[in-house]
Amino acid sequence: MKKVFPVNLSAILTALGGRHAMQQLLDVGPSAISNYLTRGQLPQRAKPIIYAALTAKGYQLRPDDLEIIAGPAAITPHTVSAENHAGPRILLIIAGGIAAYKALEVARQLQQLGAHVTGVMTDSAKQFITPLSLAALTGEKCYDSLFSLTDEAEMGHIRLARSADLVLVVPATASFMARANAGIADDLATTILLATTAKVVMAPAMNPVMWAHQATQSNFASLRQRGVEMIGPVSGDTACGEEGEGRMCEPAMIAAAAMRLIPTYAARDEADKDSGAGTSRSLSGKHILITSGPTIEPIDKVRFIANRSSGKQGHAIATALANRGANVTLVSGPVTEPAPANVTLVNVTTAAEMLAACDAALPADIAICAAAVADWRVKAAADEKLKKPENPDAGMTLELCQNPDILATLSAAPNRPKLVIGFAAETENLLENAAAKRRRKGCDWIIANQVGGEDDPVFGSALNQAMLLTSDSVEEWPRMQKTELAEKLADQIEAEYSS
Ligand code: C5P
């Protein structure tokens, strides 16, 4: 039986640009599309293809069921060639793992950060995505063969290896890491690794048991010792359905970390920060992690628990701090707020994903938890849509369990940010409850606001009224726009760092 999965197909068709576009993308005839529409299902093989095509168009999708969460975000296509492109040149090697489709998003994010990306794919990567999708995204030929006369005539493999400021492997599979560690050069990708003089960076991704295997651990340690930089992996759900360490870091995280590892880019970035360019660069060099928006916890395939957080406050803080030169990582639940400029945005859905993304973003100098994290999740979310019982009087009980507390976890982390800031929305005894919350969660400052007043919605509103509690002070702030509150908090952080 063919493997299928249920989808909101009309939304996907609209986003793709119609039935003909989907036909071409999936290489199927018109009757296949009619069948998909009638059944509301797509074949599993379509999932990575559609995911890649829509993320390339700027949409945000849930990878498991292709639900469109947001988009399309503004994308600046970079079609300039390597010769006249001023940004760093990155050779993006894609190895053959299920996470290969996420490498397309890494390519997109790198371009948004100003890099010029040239793709290289292994033979097994081509089982997951096509060189054409990468070439379309980068505006450059994607190289995939060591023995192709055309490729060698256009750009010999040694020149390709030497032309890069950075070689980035996404995903680095167990097999790829083993071959790289052994110095085997039996295809274009591994040959490049031996021939390059540039820094090599890998983002490992694999099944948790494969990751924990001694052979993989030894290859990982040895590559690292030889100077290969590793980004992740992190803990969480892996594509094979098992949970544990081995999940690849989010694309935005990989792109931002890779850019930071390019010496020329880092130097230019520092120079830009020093020059000021008309804005205050007071927080230049500080890495600030911010959580924002709600988290959404699945009940079954189509239903979920959510809250009304708009992400306005967290996003405004991200903007204010980025404008002061900070290097901001914004981990956000699903929101309609536009992505702030000059910020590394990591989109997540659940609290567990938010925690994993925060974990992966450390170390940071400052953490600000503005997200409205769902306190509970359904203990065993159903894989399929739950059926309503025939009996109209029958009740329904969902067993919930507590989500991790991200603020408390960051406050107690071994590599704890020096300054950890939380929010406390309280309906009564604002000062006492917020002060107790600050102590209980172990954070340094807490921004407390009264919620639940009839004319004072806070959630979703552009206004906020708050007080700032530290270990030894309380400062009351007047009602103001969330953007103003963000500037006020940025002033406070600046003052803390200048004193
Ligand atoms: O416990 P309460 O939700 O009132 O705490 C609010 C603060 O804790 C906010 O800063 C929020 O971002 C953070 N929080 C968290 N993880 C949770 C619950 C709350 O980071 N699971």
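Residues numbered from 1 in each chain as written. Predicted model: local features only at pLDDT ≥ 70, side-chain atom pairs only at ≥ 80, totals over all residues. Heavy atoms only, no water.

Novice: Lay out the sheet that holds strand E12 (residues 287-292) with the relevant residues and their values.
Specialist: Reading across the sheet, the eight strands line up as E16-E15-E12-E17-E20-E21-E23-E24 and stay open at both edges, with mixed pairing between neighbours. Edge strands, defined here as strands with exactly one partner in the open sheet, are strand E16 (343-347) and strand E24 (474-476). Averaged over all neighbouring strand pairs, the angle between strand axes comes to 15°, with direction disregarded. Sheet analysis places strand E15 (residues 327-332) next to E16, joined by five bridges and oriented parallel. Looking across to E16, one finds that Val328 is bridged to Val343. Packed on one face of the sheet, helix H13 (residues 251-260) meets E15 and E16 and runs near 150° to E16. (Pairing = 2+ DSSP bridges. Helix = DSSP H or I, 4+ residues; strand = E, 2+ residues; numbered from the N terminus. Axes fitted to C-alpha atoms, helices over the stretch in contact; angles between N-to-C directions. Contact = heavy atoms within 4.5 Å.)

Novice: Describe in detail a nonpolar patch on the surface, supporting the description with residues and values.
Specialist: On the surface, a nonpolar cluster with roughly 480 Å² of combined accessible area is contributed by Trp376, Leu386, Met396, Leu398 and Leu400. For Met396, the position within the fold is in the loop between strand E18 (376-378) and strand E19 (400-402). A residue is classified by how much of its surface remains accessible, and Met396, at 59% relative accessible area, is exposed. (Patch = residues over 30% accessible without salt bridge, like charges linked within 9 Å, V, L, I, M, F, W, Y side chains within 5 Å. Areas by Shrake-Rupley, 256 points an atom, 1.4 Å probe, with all protein chains shown as cover. Salt bridge = Lys/Arg side-chain N within 4 Å of Asp/Glu carboxyl O. Buried < 20%, exposed > 50% of the residue type's maximum accessible area, 1.4 Å probe, protein only.)

Novice: How would you summarise the pattern of salt bridges if you had to cite specific residues and measurements?
Specialist: Taken as a whole, this structure holds 17 salt bridges when the rule is applied. The salt bridge involving Asp123 is made with Lys126; its shortest N-O contact spans 3.4 Å. Among the residues examined, Asp123 registers a relative accessible area of 55% and is labelled exposed. The structure contains a network of salt bridges with shared partners spanning Arg324, Glu487, Asp491 and Glu494.

Novice: Pulling in residues and values, what's your account of the site of the ligand?
Specialist: Looking at the ligand, the residues that line it are Cys369, Ala371, Val373, Asp375, Pro404, Asp405, Ile406, Leu407, Gly422, Phe423, Lys437 and Lys441. Backbone polar atom of Leu407 to an oxygen atom of the ligand: 2.8 Å apart, as the coordinates give it. Note that an oxygen atom of the ligand is positioned 2.8 Å from one of the backbone N or O atoms of Phe423. Of all the secondary structure elements, the ones that give two or more residues to the shell around the ligand are helix H17 (406-411), strand E20 (419-426) and helix H18 (430-441). (Near = heavy atom within 4 Å. Polar contact = N/O pair within 3.5 Å; in protein donor to acceptor, adjacent residues only side chain to side chain.)

Novice: So what's going on with the nonpolar core? Residues and values would help.
Specialist: The biggest cluster of nonpolar side chains holds 86 residues, and the ones touching the most others in it are Leu42, Leu110 and Leu168. Core analysis: the next-biggest nonpolar cluster, separate from the first, contains 31 residues, Ala320, Val343, Ile368 and Ala466 among them. (Core = buried A, V, L, I, M, F, W, Y, C linked by side-chain atoms within 4.5 Å.)

Novice: Any details on the sheet that holds strand E8 (residues 199-204)? Residues and values, ideally.
Specialist: Across the sheet, which stays open at both edges, the five strands sit in the order E6-E5-E7-E8-E9 with parallel pairing between neighbours. Only two strands of the sheet have a single partner each, and these edge strands are strand E6 (116-121) and strand E9 (229-230). In terms of strand pairing, strand E5 (residues 89-94) meets strand E7 (residues 166-172) through four bridges, oriented parallel. Bridge pairing links Leu92 to Leu168 in E7.

Novice: With reference to specific residues and values, describe unusual backbone geometry.
Specialist: Cis rather than trans, the peptide bond between Gly232 and Pro233 has omega equal to 5°. Mapping Pro233 onto the fold places it in the loop between E9 and strand E10 (234-237). Between Leu362 and the following residue, Pro363, the backbone shows a cis peptide bond with an omega angle of 5°. Mapped onto the elements, Pro363 comes out in the loop between helix H16 (351-361) and strand E17 (366-369). The phi dihedral of Asn429 is positive, around 40°, even though this residue is not glycine.

Novice: Account for the packing of helix H2 (residues 19-26) against helix H3 (residues 30-39), naming residues and giving values.
Specialist: In the contact formed by H2 and H3, the axes pass within 9 Å of each other and the chain directions differ by 110°. If you check the angle between H2 and H3, you find them roughly perpendicular. Across from Arg19, Met22, Gln23 and Leu26 in H2, the residues of H3 making contact are Pro30, Ile33, Ser34, Tyr36 and Leu37. Per-class residue counts for the contact of H2 with H3 are six nonpolar, two polar and one charged. (Parallel < 35°, antiparallel > 145°, perpendicular 65-115°, else oblique. Nonpolar A, V, L, I, M, F, W, Y, C, P; charged D, E, K, R; others polar.)

Novice: Any details on the environment of Lys418? Residues and values, ideally.
Specialist: Looking at the secondary structure, you find Lys418 in the loop between H17 and E20. Classification of Lys418 as exposed rests on a relative accessible area of 72%. Residues Lys418 and Pro363, spaced 55 residues apart in sequence, show a C-alpha to C-alpha distance of 9.9 Å. Not counting chain neighbours up to four residues away, the residues in contact with Lys418 comprise Ala364, Asp365, Asp444 and Tyr497.

Novice: Describe helix H9 (residues 174-182), naming the residues involved and giving the relevant values.
Specialist: Every buried residue of H9 is listed here: Ala174, Phe176, Met177, Arg179, Ala180 and Asn181. Where H9 is buried, its residues touch E5, E7, helix H10 (188-195), E8, helix H11 (208-212) and helix H12 (214-225). Positive phi appears at Gly183, one or two residues downstream of H9, with a value of about 75°.

Novice: I'd like a rundown of the packing of helix H1 (residues 9-16) against H2, residues and numbers included.
Specialist: As a packed pair, H1 and H2 sit with axes 7 Å apart at the nearest point and diverge in direction by 90°. By the angle between their directions, the pair H1 and H2 is classed as roughly perpendicular. Contact with H1, carried on its side by Leu9, Ile12, Leu13 and Leu16, involves Arg19, Ala21, Met22 and Leu25 of H2 and no other residues of that element. Residue composition of the contact of H1 with H2, grouped by class: seven nonpolar, no polar and one charged.

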